[in-house]
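# A closer look at the structure
Residue strings, one per chain:
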Amino acid sequence: MRVLGLDIGFGQVKVVSEDTKLKFPSQIAQYIPDSVSDLEYVEHKGMLYVVGEDANVFRQKFSLSTVENLIKYAPVLLKYVLNRLKADDKYVVVSGLPPRFRDYAVEFEKALKVEGVESVVVVPQGVGIVEDTKGRILLHQNALVLDIGFNTVDYISVRVKDQNIIKERSGTIEGLGVKSAVEIFRSMLPAEVGYYRNEPYVFLVPILIKGSVQIAGELINLESIKQKALKIWSEQINLRLTEEIGELIKGKELFVVGGGGAYFLDREVFEREVFVPFEPDFSNARGYYKIGSAHLF
């Protein structure tokens with residue numbers, strides 16, 4: 001029996017197992033057999049699909065935009081992962097959903113019970129980060145754990161009592177993930193790169209990461225715009241968290257930030273210690289793997 005930590009986000013899928021770490025875009029396209037195609041495909045309910053980067057080959061590719069679509073296509077994504085792992089053993093799969101979608105947990109669990117899966121554990125998203133960073137949290141009395149994804153910001157308020165981590169409350173802020181940072185960045189682009197204002201969010205993420213773009217052989221520096229946009233975005237997250245949990249946030253001496261959005265956060269905005277774990281986009285999946293290992297052994 002093996003354990004698989006599976007973090008299906010609206011932007012990317014992250015996977016951690018005993019000896020494997022995978023990350024790929026949450027993109028899917030229906031596969032039409034071609035005599036010359038070498039693409040790997042997944043079969044599910046009589047349909048064929050390609051997943052991740054391979055989906056870019058097809059015009060009709062789509063990304064996960066709702067929790068209903070995430071659950072519907074979770075089996076396709078999981079089958080793709082299991083094919084990549086090429087293991088003969090059965091798996092215990094641990095995954096999660098944003099806290100506000102907890103009513104979908106049973107449906108999500110059933111969706112993940114595909115061939116090769118012995119059992120499924122579904123926890124609130126962000127709990128993986130708590131488990132992954134437990135050592136750091138135990139050094140403090142109070143902490144706020146953030147999972148910043150492409151669409152959502154999930155939070156879990158915790159406190160330490162007798163060397164145990166007590167989860168106080170959780171929630172999800174929709175529309176304030178990395179997509180929001182990209183939207184701010186896009187609105188601030190100068191006229192000379194105005195063309196990019198019409199590009200999809202996903203296309204602009206690499207430009208945001210680089211802080212520059214090349215047009216007709218000329219490199220245009222966008223670093224100052226990038227930093228301003230990320231500061232505005234980080235301030236918006238701080239303000240929304242204050243609105244969401246009120247006075248409780250004042251006692252949080254530590255913010256633990258995981259998810260892909262952790263790479264973009266302006267930590268100075270929060271005026272307290274902000275801890276970002278190694279490869280924060282894998283933090284949830286690592287925590288899920290640890291939860292599954294404890295569950296199994």
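Now for a quick tour of the structure. (Residues numbered from 1 in each chain as written. Predicted model: local features only at pLDDT ≥ 70, side-chain atom pairs only at ≥ 80, totals over all residues. Heavy atoms only, no water.)

### As for helix α1 (residues 67–85)
- For α1, with 19 residues, the first-to-last C-alpha span of 26 Å sits near the 27 Å given by 1.5 Å per residue.
- Its axis deflected by about 45 degrees at Y73, α1 carries its strongest bend there, up to four residues before the proline P75.
- Looking one or two places after α1, you find K86, whose phi comes out positive at around 50 degrees. (Helix = DSSP H or I, 4+ residues; strand = E, 2+ residues; numbered from the N terminus. Expected span 1.5 Å × (residues − 1). Bend = angle between axes of the 7 residues up to and from the residue.)

### Comments concerning the side chain of K226
- Along the chain, K226 turns up in helix α7 (residues 223–245).
- The charged side chain of K226 is buried without a salt bridge, its nearest counter-charge being E223 at 4.3 Å.
- Excluding anything up to four places from it in sequence, K226 contacts F185, L208, I209 and G211. (Buried < 20%, exposed > 50% of the residue type's maximum accessible area, 1.4 Å probe, protein only. Lys, Arg positive; Asp, Glu negative; His and termini not counted. Salt bridge = Lys/Arg side-chain N within 4 Å of Asp/Glu carboxyl O. Contact = heavy atoms within 4.5 Å.)

### Section: the sheet that holds strand β15 (residues 254–258)
- Pairing within the open sheet is mixed, and its 5 strands lie in the order β12-β11-β10-β15-β16. Only two strands of the sheet have a single partner each, and these edge strands are β12 (164–174) and β16 (273–275). Going from strand to strand, the sheet's axes swing by 20 degrees on average, the running direction of each strand aside.
- Direction of pairing for β15 relative to β16: parallel, over a ladder of 3 bridges. (Pairing = 2+ DSSP bridges. Axes fitted to C-alpha atoms, helices over the stretch in contact; angles between N-to-C directions.)

### As for the sheet that holds strand β7 (residues 62–63)
- An order of β5-β6-β4-β7 is seen for the 4 strands of this open sheet, with the pairing classed as antiparallel. For this open sheet the edge positions go to β5 (42–44) and β7, each flanked by a neighbour on one side alone.
- Bridge analysis of strand β4 (residues 27–30) against β7 gives 2 bridges, and the strand direction is antiparallel. Bridged to I28 within β7 is F62.
- Where α1 meets the sheet, it contacts β4, β5, β6 (47–51) and β7, and its direction lies at approximately 140 degrees from that of β5.

### A short note on the packing of aromatic side chains
- Counted by the stated rule, this structure contains 5 aromatic pairs.
- The interplanar angle of 75 degrees and the centroid separation of 4.9 Å between the aromatic rings of F24 and Y80 together place this pair among those described as edge-to-face. A residue pair is termed long-range when its members are at least 10 positions apart, and F24 in strand β3 (residues 21–25) and Y80 in helix α1 qualify at 56 residues.
- On the basis of relative accessible area, F24 is assigned to the buried category, the value being 5%.
- Residue Y80 is classed as buried on the basis of its relative accessible area of 9%.
- For the ring pair Y31 and Y41, a centre distance of 5.0 Å and an interplane angle of 10 degrees mean the geometry is stacked. Remark: Y41 occurs in the loop between β4 and β5 and Y31 occurs in the loop between β4 and β5; sequence separation between them is 10 residues.
- With a relative accessible area of 43%, Y41 lands in the partly exposed category.
- Taking the ring centre of F282 as reference, the NZ or CZ of K21 above it sits at 5.2 Å. (Phe/Tyr/Trp six-rings, centres within 6.5 Å; stacked < 30°, edge-to-face > 60°. Lys NZ or Arg CZ within 6 Å of the ring centre and 35° of its normal.)

### So, the pattern of salt bridges
- One pass over the full model with this rule turns up 15 salt bridges.
- Notably, a salt bridge pairs E279 with K21, separated by 2.6 Å at the nearest N-O pair. On the criterion of sequence distance, the pair formed by E279 in the loop between β16 and α8 (283–296) and K21 in strand β3 is long-range, its members being 258 residues apart.
- Looking at E279, the relative accessible area reads 23%, which means it is partly exposed.
- The partner of K250 in a salt bridge is E247, and the shortest N-O contact between them spans 3.2 Å.
- The exposure class assigned to K250 is exposed, which follows from its relative accessible area of 62%.
- Taking the relative accessible area as the measure of exposure, E247 reaches 60% and is therefore exposed.
- Salt bridges here are not isolated pairs; linked through shared partners, they connect D132, R286 and K290.

### As for α7
- Taking 1.5 Å of rise per residue, the 23 residues of α7 would be expected to cover 33 Å, and the 33 Å separating its terminal C-alpha atoms lies within 8% of that figure.
- All of the buried residues in α7 are I225, K226, A229, L230, W233, S234, I237, N238, L241 and I245.
- One or two residues past the end of α7 sits G246, with phi positive at roughly 55 degrees.

The values reported here are purely geometric and, on their own, carry no functional implication.
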